[in-house]
Amino acid sequence: MAQSQAPLGSSKLGSYDAYFESIQMRKKLPFSLQETLVAAFASVPVSSFPEVPGGKVIEILADTSIADAVKILSDSNILAAPVRNPDAGNSMDWRDKYLGTIDYSAIILWVLENAEVAAAALTATSATAAGVGAGAVGALGAVAVGATGPLAVAGLTAAAVGAAVAGGVAADRGMGKDAPTAADKLGEDFYKVILQEEPFKSTTVKWILKSYRWAPFLPVATDSSMLSVLLLLSKYRLRNVPVIEPGQPLVKNFITQSAVVRGLEGCKGRDWFDCISKHSVSDLGLPFMSTDEVISIQSNELILEAFKRMRDYHIGGLPVVEGPNRKIVGSLSIRDIRYLLLQPKLFSNFRHLTVMDFMNSVAAPSDNTGKVTTPITCKPDSSLGTVIHTLASNSVHRIYIVGDANEVVGVITLRDVISCFIYEPPNHFDNYFGFAMQEMLSQ
């Protein structure tokens, strides 16, 4: 489901099937209506779907530095972009042209995880300057001869921490004795180390893509059916689907879950939409999980733990709750992690910053940030049409179902909404993509 109690493992295709079978069993809709809708979506070509704003898909080269990638995504006001292989040459195969999709949140998660390494680098540099140690000199020497990336980072971590802990001179001069201590005091120095100093400066999008690839890069052709796209965005859990022209390996369009739900909202007034959307979410079997399966975070827990939980459980957001009954008091999205970069004061204290402190700090500067903290909720008897309108109008990816005391009893995601309108005909993807698609989805 959109949120699961256990991190994804090797049985992805089996979990996709189980999710969709559960949906079909619980939907209280006439099968004849579903058949008509599936046939209709199967006849609509992908080329009919509106293009991305501006009509051009922003791409990022695999050898782009992390700093430059963040700037491109921020300047373009987008959360993700396809990554092109600069070594592909004139290949007409999209498998050669593209390595995957880089997500802004994946970059920031990498930044957070390397914060302590950056702190160690700062400590090592200071310790070496104080005459402390051979260990730090050796690690930094690797940088001097051009060793960058994971190997150099590992060397920096071990040697720098060793120098900081063992170096009495460094300790006497007020330096942190370990990476976490130094991380607490990074502040603005963090930006210098991560974005301007080696080995972090030389870390490229290609490396991030290997470590934080949440989903396969699986494009569809413009003459494919919208049914295929809807299935990829729902059953097969893709957040976006690249579109390419037949015979042309370049990405022409990017179809996201959000764009599809906005499209469904625009169908209000049509018989087929009104017939389904008038049903309550409970009549449609929503939510598709038990209360215990909803991953949440207590308001007094650390914000870093919240983002790590999203990463570990492969989810894009979670409710902020209080007490044993999990009364909802806010919500967080993986996108909100960007505020740790936008506000240096927040980052300088991130190891001690609680979820509630983070939400209050983010909400204070601008009225436009209200959706970071304000939970979007509905009741079990809310109509699907109301849920779709709420999701689309608030530009959010999930809505939480609450009980009479505002306790969280479930969550409905964009994936769940799309799943209400379709099912997968037998052998559909075998006919369209064959074994290659199954192999990529199971990676």
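The preceding data block contains the structure.
On a predicted model such as this, the values are computed, not experimentally measured, just so you know. (Residues numbered from 1 in each chain as written. Predicted model: local features only at pLDDT ≥ 70, side-chain atom pairs only at ≥ 80, totals over all residues. Heavy atoms only, no water.)

## Overview of the environment of Leu340
Looking at where Leu340 falls in the secondary structure, it is placed in helix H17 (residues 339-342). The sequence separation of Leu340 and Val362 amounts to 22 residues, and the corresponding C-alpha distance is 9.3 Å. (Helix = DSSP H or I, 4+ residues; strand = E, 2+ residues; numbered from the N terminus.)

## Some thoughts on the sheet that holds strand E9 (residues 327-333)
Taken together, 3 strands build an open sheet; the order of strands is E7-E8-E9 and the sheet is mixed. Only two strands of the sheet have a single neighbouring strand rather than two, namely strand E7 (297-298) and E9. Of the pairings in the sheet, the one linking E7 to strand E8 (residues 317-322) comprises 2 bridges and is parallel in character. Note that in E8 the partner of Ile297 across the bridge is Val320. Lying over the sheet, helix H16 (residues 303-312) contacts E7, E8 and E9, oriented at roughly 70 degrees with respect to E9. (Pairing = 2+ DSSP bridges. Contact = heavy atoms within 4.5 Å. Axes fitted to C-alpha atoms, helices over the stretch in contact; angles between N-to-C directions.)

## Looking at helix H21 (residues 384-394)
Residue pairs spaced three or four apart in an α-helix point in one direction, given the helix's 3.6 residues per turn. All of the buried residues along H21 are Leu384, Gly385, Val387, Ile388, Thr390, Leu391 and Ala392. Here the buried face of H21 lies against helix H14 (257-265), helix H15 (271-277), strand E10 (377-378), strand E11 (398-402), strand E12 (408-413) and helix H22 (414-419). Two residues or fewer past H21, Ser395 is found with a positive phi of approximately 50 degrees. (Buried < 20%, exposed > 50% of the residue type's maximum accessible area, 1.4 Å probe, protein only.)

## Observations regarding the packing of aromatic side chains
Scanning the model with the defined rule gives 10 aromatic pairs in all. By the ring-pair criterion, three or more aromatic residues cluster together here, those being Phe41, Trp272, Phe273 and Phe421. (Phe/Tyr/Trp six-rings, centres within 6.5 Å; stacked < 30°, edge-to-face > 60°.)

## Description of the nonpolar core
In this structure, Ile255, Leu384, Ile412, Val417, Phe421 and Ile422 are the most contacted members of the largest nonpolar core, which totals 54 residues. Top element by residues in this core is helix H13 (residues 226-233). It accounts for 7 residues. Discounting residues that sit within four places of it in the chain, Ile422 has contacts with Phe20, Gln24, Lys27, Val38, Phe41, Leu227, Leu230, Leu231 and Ser234. (Core = buried A, V, L, I, M, F, W, Y, C linked by side-chain atoms within 4.5 Å.)

## Topic: the pattern of salt bridges
Scanning all chains against the criterion turns up 8 salt bridges. Two residues, Asp17 and Lys235, come together in a salt bridge whose shortest N-O distance is 2.9 Å. Of this pair, Asp17 sits in helix H1 (residues 12-26) while Lys235 sits in the loop between H13 and strand E5 (240-244), and the two are 218 residues apart along the sequence. In this structure, the salt-bridge partner of Glu301 is Arg309, at a minimum N-O distance of 3.0 Å. Glu301 sits in the partly exposed class, given a relative accessible area of 24%. For Arg309, a relative accessible area of 16% translates into the label buried. Through salt bridges with shared partners, a single ionic network connects Asp17, Lys235 and Glu424. (Salt bridge = Lys/Arg side-chain N within 4 Å of Asp/Glu carboxyl O.)

## Looking at unusual backbone geometry
Leaving glycine out, the prevailing phi sign among residues is negative, and the prevailing peptide bond configuration is trans. Following Leu286, the chain continues into Pro287 via a peptide bond in cis, with omega recorded as 0 degrees. Position of Pro287 relative to the elements: it lies in the loop between H15 and E7. Positive phi, close to 60 degrees, is recorded for His314, a residue that is not glycine. Along the chain, His314 turns up in the loop between H16 and E8. Backbone geometry places Ser395, a non-glycine residue, at a positive phi of 50 degrees. Mapped onto the fold, Ser395 is located in the loop between H21 and E11. Note on Ser395: relative accessible area 37%, which makes it partly exposed.

## Overview of the packing of helix H2 (residues 31-43) against H13
Remark: H2 packs on H13, axes separated minimally by 5 Å, with the N-to-C direction vectors making an angle of 110 degrees. Judged by the angle between their axes, H2 and H13 are roughly perpendicular. Of H13, the residues touching H2 (which contributes Val38, Phe41 and Ala42) are Met226, Leu227 and Leu230. Taken together, the residues of the contact of H2 with H13 break down into 6 nonpolar, no polar and no charged. (Parallel < 35°, antiparallel > 145°, perpendicular 65-115°, else oblique. Nonpolar A, V, L, I, M, F, W, Y, C, P; charged D, E, K, R; others polar.)

## So, the sheet that holds strand E3 (residues 98-103)
If you walk across this open sheet you meet the 3 strands as E1-E2-E3, and the pairing is mixed. Bordering the open sheet on either side are strand E1 (60-61) and E3, each of which pairs with just one other strand. The pairing of strand E2 (residues 80-84) with E3 spans 5 bridges and is classified as antiparallel. By the bridge assignment for E3, Arg84 is matched with Tyr98.

## Section: the packing of H14 against H21
The contact between H14 and H21 brings their axes to 9 Å, and the two run at 125 degrees. Classified by the angle their axes make, H14 and H21 are oblique. H14 and H21 meet at a crossing whose hand is left-handed. Of the residues in H21, those touching H14 at Val261, Arg262 and Glu265 are Ile388, His389, Leu391 and Ala392. Looking at the contact of H14 with H21 residue by residue, the class counts come to 4 nonpolar, 1 polar and 2 charged. (Left-handed = near helix turned anticlockwise from the far one by under 90°.)

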